[in-house]
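Structural description and commentary
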Amino acid sequence: MDYSFDINSLDDLYQEVILDHYQRPRNKGVLTNPDISSKGFNPFCGDEIILSIKLDSKGKTKCILFDGQGCSISQASASMLTELLSNKNLDELKSISYSFRAMMRGESLSSGEMSLIEGLEVLEGVRKFPIRIKCALLAWAALEDGIEEYSVKVLKKEP
Ligand code: FES
């Protein structure tokens, strides 16, 4: 599998934002006793991302951390995810994630959907390298799996 990727092929502004998140990742680490914990694994390269999320009493994200290693795209995308998803409920997380996924698939988004993923458009250029879309989606796949797992666990507890 060819994972070669030249970040210089992206627009200057996009390069700058991605490299900034890669070199100075926001919210990196692992929470103890998270409500949601999930791992995203890319079998093609072996890279993985771990997401841990603490919710507040209203079910909104209080703290989101990511950990793991991978390429600049996967790390930058995970770092941006943690910033964008703070103080959101699970339905909002899902809507943002689905909109981001749709953008990466090249679907046209409504202005409402675009505003949900404000800031993430810097990753859209990655679509020129189809094999790297998986890198950009790695943390988001972990997020969706984590929400699914959490929902099943919480629903199970309800009478
Ligand atoms: Fe492994 Fe991008 S090359 S996640």
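Our structure is the block above this text.
Residues numbered from 1 in each chain as written. Predicted model: local features only at pLDDT ≥ 70, side-chain atom pairs only at ≥ 80, totals over all residues. Heavy atoms only, no water.

With 13 residues, helix H2 (residues 72-84) extends 18 Å from end C-alpha to end C-alpha; this agrees with the ideal 18 Å at 1.5 Å per step. Across the 13 residues of H2, 12 count as buried, placing the element largely inside the fold. (Helix = DSSP H or I, 4+ residues; strand = E, 2+ residues; numbered from the N terminus. Expected span 1.5 Å × (residues − 1). Buried < 20%, exposed > 50% of the residue type's maximum accessible area, 1.4 Å probe, protein only.)

Right, let's get into the pairing of strand E1 (residues 36-41). Residues of E1 alternate between two faces, with Ile36, Ser38 and Gly40 buried on one and Ser37, Lys39 and Phe41 left unburied on the opposite face. By the bridge criterion, six bridges tie E1 to strand E2 (residues 48-55) in an arrangement that is antiparallel. When the bridges of E2 are listed, Ile36 appears paired with Ile53. In this antiparallel pair of consecutive strands, E1 and E2, the connection spans six residues, and Gly46 shows a positive phi of 85 degrees. (Pairing = 2+ DSSP bridges.)

Before going further, it helps to examine the sheet that holds E2. Here we have three strands laid out as an open sheet, ordered E1-E2-E3, and antiparallel in their pairing. At either margin of the open sheet sits one strand with a lone partner, and together these are E1 and strand E3 (61-69). Each strand axis lies, on average, 15 degrees off the axis of its neighbour in the sheet, ignoring direction. Packing against the sheet, H2 makes contact with E2 and E3, and its axis sits at approximately 170 degrees to E3. (Axes fitted to C-alpha atoms, helices over the stretch in contact; angles between N-to-C directions. Contact = heavy atoms within 4.5 Å.)

Right, let's get into unusual backbone geometry. You will see that Asn33, though not glycine, has its phi angle at about 55 degrees, which is positive. Note that Asn33 resides in the loop between helix H1 (12-23) and E1. The class of Asn33 is exposed, set by a relative accessible area of 62%. For Asn87, which is not glycine, the phi torsion reads 60 degrees and is therefore positive. Along the chain, Asn87 falls in the loop between H2 and helix H3 (90-104). Residue classification places Asn87 among the partly exposed positions, given a relative accessible area of 47%.

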